[in-house]
Amino acid sequence: MEFLQFKSLFTEIFKSNMLESYITDENIEKFYVLTRLMLEKNAVMNITAIRDVEKIIPLHYADCALITPYISHSSKVMDVGCGGGFPTLPLAIIRPDITIVGIDSTEKKVKYVADTAKSLGLSNVSTISARAEELVHMPNMRESFDAVTSRAVARLNILNELCMPFLKVGGQFIVMKGAAGQEELQEAHNGIKMLGGQVILNQNTDLILREAETEKRVIIVADKIAQTPKQYPRQFGQIKKKPL
Ligand code: SAM
């Protein structure tokens, strides 16, 4: 897609999702380059099943931008299971005030995210290839982040144990879910509490694609109000077998 067509589409989609403040020439140029790099890489490895630029803008970029109001200024953020860079890369573009660490257990995806961040000049991105439940035992990881984000990684009653231990007391766990988010929250409420969290927001949102086409999203935010007990996270086999 030509740049001018991309610009007009991006502007239309961000406006209809009330994300006007992110419509700047600099951001649009970065998202344009990101799209090109992602689609090029997608030909040789599986980064996204969405290959149509008209869908990439709402389903990847606007979707990730929807959580920015819940990330405090200058936060140190971890994105658990960043895969091909979502929400890591869009957040890093539109929120230059934050630093974000994208972690994923698949090394080649993490390398792609690191290379892409470099090509885009995003000095606020770093990456680690590791499993979340193992990485948290490394120095400067546990209770060290102001916010932890995650999209499409695991059911919430499993995800909470992977993510909550990274958060400082006072930090926020920001979860991006589809229509099943409310149901997942019912089953995860107790676990979030056991891990030191308290759900403060549970919001249904319509992500607007184009021409009145929408998809349901649920954004869940939990405050970390107490330290996570030392016995968590457990090994992944146990987390999966007996979610909290
Ligand atoms: N967040 C990205 C997105 O929304 O496009 C990627 C989603 S992809 C479906 C899920 C990713 O989570 C995969 O790349 C997988 O390797 C990663 N993942 C799953 N369990 C993980 C764990 N315990 N620690 C780190 N990464 C994990």
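This write-up is about the structure you can find in this document. (Residues numbered from 1 in each chain as written. Predicted model: local features only at pLDDT ≥ 70, side-chain atom pairs only at ≥ 80, totals over all residues. Heavy atoms only, no water.)

## As for the site of the ligand
Surrounding the ligand, one finds 16 residues, the nearest of these being Gly81, Phe86, Asp104, Ala132 and Arg151. Take Phe86: an N or O atom from its main chain is 2.7 Å from a nitrogen atom of the ligand. Asp104 is positioned such that a nitrogen or oxygen atom in its side chain is 2.6 Å from an oxygen atom of the ligand. The residue inventory of the shell around the ligand, partitioned by class, reads 7 nonpolar, 4 polar and 5 charged. (Near = heavy atom within 4 Å. Polar contact = N/O pair within 3.5 Å; in protein donor to acceptor, adjacent residues only side chain to side chain. Nonpolar A, V, L, I, M, F, W, Y, C, P; charged D, E, K, R; others polar.)

## Here we look at the side chain of Arg234
One can find Arg234 in the loop between β7 (214-224) and α9 (236-241). Classification of Arg234 by relative accessible area gives buried; the value is 17%. Within the structure, Arg234 has its side chain in polar contact with the side chain of Glu161 (distance 2.7 Å). Among the polar contacts made by the side chain of Arg234, one reaches the main-chain carbonyl oxygen of Lys242 at a distance of 2.9 Å. Leaving out residues up to four positions away in the same chain, Arg234 has contacts with Glu133, Glu161, Ile239, Lys242, Pro243 and Leu244. (Helix = DSSP H or I, 4+ residues; strand = E, 2+ residues; numbered from the N terminus. Buried < 20%, exposed > 50% of the residue type's maximum accessible area, 1.4 Å probe, protein only. Contact = heavy atoms within 4.5 Å.)

## Remarks on the packing of helix α7 (residues 156-163) against helix α8 (residues 181-194)
Where α7 contacts α8, the axes come no closer than 8 Å and their chain directions differ by 35 degrees. Crossing angle aside, the handedness with which α7 passes α8 is right-handed. Seen from α7, the contacting residues are Leu156, Asn157 and Asn160; seen from α8, they are Glu184, Leu185, Glu187, Ala188, Gly191 and Ile192. Here the residues of the contact of α7 with α8 are counted per class, giving 4 nonpolar, 3 polar and 2 charged. (Axes fitted to C-alpha atoms, helices over the stretch in contact; angles between N-to-C directions. Left-handed = near helix turned anticlockwise from the far one by under 90°.)

## Description of the packing of helix α2 (residues 25-42) against helix α3 (residues 53-65)
Across the interface, α2 lies against α3 with an axial gap of 12 Å and an inter-helix angle of 110 degrees. The orientation of α2 with respect to α3, classified from their angle, is roughly perpendicular. Seen from α2, the contacting residues are Phe31, Leu34, Thr35, Met38 and Leu39; seen from α3, they are Val53, Ile56, His60 and Tyr61. Grouping the constituent residues of the contact of α2 with α3 by class yields 7 nonpolar, 2 polar and no charged. (Parallel < 35°, antiparallel > 145°, perpendicular 65-115°, else oblique.)

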